[in-house]
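Take a look at the letters that make up each chain.
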Amino acid sequence: SSVSLPEVHEVHLEGVLFVFRDGENRTVKRFSLGFANLKGEDPTKPLQLTANGTYNDFYFELDGYTGPATAITAGNAPFPIDLEARLGATSSKVLVQGEFKDVSSGRGYDLKITASAGDIAQIGDFLRDAHVAELRLPPAGPLQAELRLTDRAPGGKQIGRAHV
């Protein structure tokens, strides 16, 4: 006989902290969620995602939609993505739009990534707050960048253009 699981329409996480310790180089990475909310009408419908949190000292907010939960394990099921990340306490943001043809294998992706920052110097601040690099950039004005990632092109990836 088969087991029937309850249908879940919404998952809400609040105050979650993950701490990763590297025993070799003794570094510690912290990922915390102030909250994360996943909501879907049913398992075959898109998931709405809203969240905020930090990676080390770097603050972010996420808002948007992904494909249905059933596509993650189904195989050969389309998985659209339309997510916006707001970075730090700034107007900087990254928009990811596109689709995986088969998200369970990570294949068939075609993603457009658009990024904007009020000033390119904010990139150095973000890297420092995430504990990735100490990079001091002088104020140089706004940044607009577009990137397209696809595994359909020869060589697997295409890179777009940036405007400073």
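Coordinates for the structure precede this section.
Here the structure is a predicted model, which is why all the values come from computation and not from measurement.

**Remarks on the pairing of strand β5 (residues 79-87)**
Right, so step 1: Residues F79, I81, L83, A85 and L87 point to one face of β5 and are all buried, whereas P80, D82, E84 and R86, pointing to the other face, are not buried.
Right, so step 2: Where strand β4 (residues 58-66) lies against β5, seven bridges are found, and the strand directions are antiparallel. When the sheet's bridge partners are listed, T66 is paired in β5 with I81.
Right, so step 3: Following β5, the chain reverses through five residues before pairing antiparallel with strand β6 (residues 93-102); G88 in that reversal takes a positive phi of roughly 60°.

**Description of a nonpolar patch on the surface**
Right, so step 1: A cluster of nonpolar side chains, namely V8, V11, L13 and L38, defines an oily patch on the protein surface of about 310 Å² accessible area.
Right, so step 2: Following the sequence through the fold, V11 ends up in strand β1 (residues 10-21).
Right, so step 3: By relative accessible area, which is 38% here, V11 ends up partly exposed.

**Brief notes about the packing of aromatic side chains**
Aromatic ring pairs: the centre-centre distance and the angle between the two ring planes describe each pair.
Right, so step 1: Evaluated as defined, the whole model comprises four aromatic pairs.
Right, so step 2: Each ring, one from F31 and one from F60, has its centre 6.0 Å from the other, and the planes form 15°; the classification is stacked. Of this pair, F31 sits in strand β2 (residues 28-39) while F60 sits in strand β4, and the two are 29 residues apart along the sequence.
Right, so step 3: Take F60: its relative accessible area is 11%, and that puts it in the buried class.

**Overview of the pattern of salt bridges**
Right, so step 1: Throughout the structure, instances matching the rule amount to eight salt bridges.
Right, so step 2: Residue R86 pairs with E84 through a salt bridge whose shortest N-O separation is 2.6 Å.
Right, so step 3: Judged by relative accessible area, which is 27%, R86 ranks as partly exposed.
Right, so step 4: Taking the shortest distance from any N to any O, the salt bridge between E99 and K101 comes out at 2.9 Å.
Right, so step 5: Accessibility expressed as a relative area gives 22% for E99, which makes it partly exposed.

**Describing helix α2 (residues 121-129)**
Right, so step 1: Buried within α2 we find A121, Q122, G124 and F126.
Right, so step 2: The inward-facing, buried residues of α2 abut β4, β5 and β7 (107-117).
Right, so step 3: One or two residues past the end of α2 sits H131, with phi positive at roughly 65°.

**Examining the side chain of S92**
Right, so step 1: Here S92 lies in the loop between β5 and β6.
Right, so step 2: Judged by relative accessible area, S92 falls into the buried class, the value being 0%.
Right, so step 3: Within the local environment of S92, its side chain forms a polar contact with the side chain of Q122, the two groups lying 2.7 Å apart.
Right, so step 4: The residues touching S92, leaving out its near neighbours within four places in the chain, are A85, R86, L87, S116, A117, G118, Q122 and F126.

**Remarks on the environment of V96**
Right, so step 1: In this structure, V96 sits in strand β6.
Right, so step 2: When the C-alpha atoms of V96 and L111 are compared, they prove to be 6.7 Å apart, with 15 residues separating the residues in sequence.
Right, so step 3: Not counting residues within four places of it along the chain, the set of residues in contact with V96 comprises I81, D82, L83, L111, K112 and I113.

What counts, and at which threshold
- Residues numbered from 1 in each chain as written.
- Predicted model: local features only at pLDDT ≥ 70, side-chain atom pairs only at ≥ 80, totals over all residues.
- Heavy atoms only, no water.
- Buried < 20%, exposed > 50% of the residue type's maximum accessible area, 1.4 Å probe, protein only.
- Helix = DSSP H or I, 4+ residues; strand = E, 2+ residues; numbered from the N terminus.
- Pairing = 2+ DSSP bridges.
- Patch = residues over 30% accessible without salt bridge, like charges linked within 9 Å, V, L, I, M, F, W, Y side chains within 5 Å.
- Areas by Shrake-Rupley, 256 points an atom, 1.4 Å probe, with all protein chains shown as cover.
- Salt bridge = Lys/Arg side-chain N within 4 Å of Asp/Glu carboxyl O.
- Phe/Tyr/Trp six-rings, centres within 6.5 Å; stacked < 30°, edge-to-face > 60°.
- Contact = heavy atoms within 4.5 Å.
- Polar contact = N/O pair within 3.5 Å; in protein donor to acceptor, adjacent residues only side chain to side chain.

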